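# Structural overview for review
Spelled out, the chains give:
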Amino acid sequence: MEDIKRIIENFNFKGNLTECKVFGSGHINTTYIATYTEEGKIRKYIIQKVNTNVFKNIDELMDNVFAVTSFLRERIKANGGDPNRETLHYIKTIDGNKYYKAESGDCYRAYRFVDNSKSCDSVDSAEIFEKSGIAFGRFQKYLSDFPAKTLYETIPNFHNTIWRFENEFLPAVKNDLKNRADECKEEIDFVIARKNDCSRLVDLIEKGELPIRVTHNDTKLNNVIFDEETNDAICVIDLDTVMPGLALYDFGDSIRFGANTCAEDEEDTSKVAINLEYFKAYARGFLSEAGESFNQCEIDNLAFSAKLMTLECGMRFLTDYLNGDTYFKTSYPKHNLVRAKNQLALVKDMESKMDKMENIIRNI
């Protein structure tokens, strides 16, 4: 703990340090929470050691984070909100830098802890899912006129599904490094049959029908924090993957994660389905905030985006299985294949319910 105490001396924190400890359950960055007191007031700060093995260019990452949160603070103030609660407030070092680089080469950044807040790891009700939709919809609304193309693309082609199909999936099938293709031929054929789906949104970008926006790219429920008393969504956190993209990516991935009736590694695919109640709840929350800032092409493709993001995720699991499980962490030999089967089963169920999903969007 002495090391982290020396690290935090390099930030402009107010008050006297009373406690500093490891915080949260994140798998990528190492997070600490520091408590300070000043004239009877308690302030808490989050300090994170950024995983530079995952995020290779921390300068670009932190430029994105500061640009987006500064913009959000102004928009929140203009709308009568509280920027200290409704977006993260990153703190520069005493030298005025966006992060501190230790002699070891480790990189640390800091932001104010949002008081009286909590997070949730799983979608336990349509109500909580709708509130997360409100949070991500508000994120889109406030950033709708942010010049998204000025942001760095920290993970190139992250949701370029046709690129992943042609440059990752097909080579994995062809090379079959672990001689696994024969046992998942049905899944391979399922993905190949949907090649045209993979290019649909990219084609619409090229035609100028879908605008490039700021996207979060990790829209899990635990990246929204809620008020401890009211359970209302306060703000969106974990902005490491913020970059240019489509609002459809964020919406679709939220549905993929939150509206599946099963966990993504459920082996019994007969249990896998899209929960239309949850789909409707999230869409209602999301569009209540962001709807007016979207064009008709975005609205028309919201339901499809849920299918596409699920197809992309299933394809990525299948690609990794064929390559020998080199990307996703696994708990047993066929874990990635189980995940792939699960996601592709969800795609199939969405296809059978696409008319209903599109009707839900139209009615909202």
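Description of the structure in this document.

Thresholds applied
- Residues numbered from 1 in each chain as written.
- Predicted model: local features only at pLDDT ≥ 70, side-chain atom pairs only at ≥ 80, totals over all residues.
- Heavy atoms only, no water.
- Helix = DSSP H or I, 4+ residues; strand = E, 2+ residues; numbered from the N terminus.
- Rg over C-alpha atoms; globule rule 2.2 N^0.38 Å.
- Buried < 20%, exposed > 50% of the residue type's maximum accessible area, 1.4 Å probe, protein only.
- Arc of directions from axis to C-beta.
- Contact = heavy atoms within 4.5 Å.
- Expected span 1.5 Å × (residues − 1).
- 1 Å grid on protein atoms, 1.4 Å probe; cavity = no way out; pocket = protein on both sides within 12 Å on 5 of 7 lines; lining within 4 Å.
- Points joined across faces, edges and corners; volume = space filled by probe spheres on them.
- Nonpolar A, V, L, I, M, F, W, Y, C, P; charged D, E, K, R; others polar.
- Core = buried A, V, L, I, M, F, W, Y, C linked by side-chain atoms within 4.5 Å.
- Axes fitted to C-alpha atoms, helices over the stretch in contact; angles between N-to-C directions.
- Parallel < 35°, antiparallel > 145°, perpendicular 65-115°, else oblique.
- Pairing = 2+ DSSP bridges.
- Phe/Tyr/Trp six-rings, centres within 6.5 Å; stacked < 30°, edge-to-face > 60°.
- Lys NZ or Arg CZ within 6 Å of the ring centre and 35° of its normal.

## Some details on the overall build of the protein chain
Broken down by element type, the protein chain carries 13 helices and 11 strands. In terms of overall dimensions, the protein chain is globule-like: its C-alpha atoms have a radius of gyration of 21 Å, near the 21 Å expected for 364 residues. With the C-alpha coordinates aligned to their principal axes, the bounding extent of the protein chain is approximately 65 × 45 × 40 Å. Here the protein chain holds 364 residues, and 53% of them are scored as buried.

## Some words on helix 6 (residues 185-192)
Within the span of helix 6, buried status applies to Glu187, Ile188, Phe190 and Val191. The buried residues of helix 6 all sit within an arc of 160 degrees when viewed along its axis, so they share a single face. In helix 6, those exposed residues whose orientation departs by more than 90 degrees from the buried face are Lys185 and Glu186. Looking at the buried residues of helix 6, the elements they touch are helix 5 (161-175), helix 7 (195-206), helix 11 (302-323) and helix 12 (335-352).

## Some thoughts on unusual backbone geometry
Residue Asn157 is not a glycine yet carries a positive backbone phi of 60 degrees. Here Asn157 is to be found in the loop between helix 4 (126-142) and helix 5. With phi around 55 degrees, Asp238 is a residue other than glycine that occupies positive phi space.

## Focus on helix 2 (residues 58-78)
Taking 1.5 Å of rise per residue, 21 residues should cover 30 Å, and helix 2 covers 30 Å from first to last C-alpha, within 8% of that figure. The elements touched by buried residues of helix 2 are strand 3 (41-50), helix 3 (83-86), strand 4 (90-91), strand 6 (107-112), helix 4 and strand 8 (213-215). Looking at the residues trailing helix 2, positive phi occurs at Gly80, about 80 degrees.

## Description of empty space enclosed by the protein
Picture a little ball the size of a water molecule; that probe, rolled over the atoms, points out where space is still empty. Considering all chains together, one arrives at 1 cavity of 30 Å³ or more under this definition. Computed from the structure, the largest cavity encloses a volume of approximately 110 Å³. Around the largest cavity sit Leu72, Ile76, Glu86, Thr87, Ala135, Arg138, Phe139, Tyr142, Ile234, Cys235 and Val236, which together line it. The dominant element in the lining of the largest cavity, judged by the number of residues it contributes, is helix 4, at 4 residues. Of the residues assigned to the lining of the largest cavity, the class counts are 8 nonpolar, 1 polar and 2 charged.

## Re the nonpolar core
One finds Val68, Phe139, Leu201, Val214, Phe251, Ile255 and Phe279 to be the most contacted residues of the largest nonpolar core, which totals 81 residues. Residues within four places of Leu201 in sequence aside, it is in contact with Leu210, Leu246, Leu248, Tyr249, Asn301, Phe304 and Leu308. Core analysis: the next-biggest nonpolar cluster, separate from the first, contains 24 residues, Ile162, Val173, Leu318 and Leu322 among them.

## Remarks on the packing of helix 5 against helix 7
One can describe the packing of helix 5 onto helix 7 by two numbers: an axis separation of 7 Å at closest approach and a directional angle of 135 degrees. Our classification of the angle between helix 5 and helix 7 gives oblique. Along its contact with helix 5, which presents Thr161, Ile162, Phe165 and Glu166, the element helix 7 presents Lys195, Cys198, Ser199 and Val202. In terms of residue class, the contact of helix 5 with helix 7 is made up of 4 nonpolar, 2 polar and 2 charged.

## Quick look at the sheet that holds strand 7 (residues 117-119)
Read from one edge of the open sheet, 3 strands run 7-9-10, paired in antiparallel fashion. Taken across any chain shown, the strands that pair with only one partner, and hence form the sheet edges, are strand 7 and strand 10 (233-236). Averaged over all adjacent pairs, the angle separating strand axes in this sheet is 35 degrees, with direction ignored. Across 3 bridges, strand 9 (residues 224-227) lies against strand 10 in antiparallel orientation. Across the sheet, the residue bridging to Phe226 is Ala233, located in strand 10. Contacting strand 9 and strand 10, helix 4 runs over the sheet at an angle of about 45 degrees to strand 10.

## A few points about the packing of aromatic side chains
Scanning the entire structure with this criterion turns up 18 aromatic pairs. Relative to Tyr45, the ring of Phe13 lies with its centre 4.2 Å away and its plane at 20 degrees, an arrangement referred to as stacked. Residue Phe13 is located in the loop between helix 1 (2-8) and strand 1 (16-22), and its partner Tyr45 is located in strand 3; the two are separated by 32 residues in the primary sequence. Every member of this aromatic cluster is reached through a ring pair, and the members are Phe129, Phe251, Tyr278, Phe279, Tyr282, Phe286 and Phe294. Directly above the aromatic system of Phe190 lies the positively charged group of Arg194, at a separation of 3.6 Å from the ring centroid. Sitting above the plane of the Phe304 ring, Arg200 keeps its charged end 3.9 Å from the centroid.

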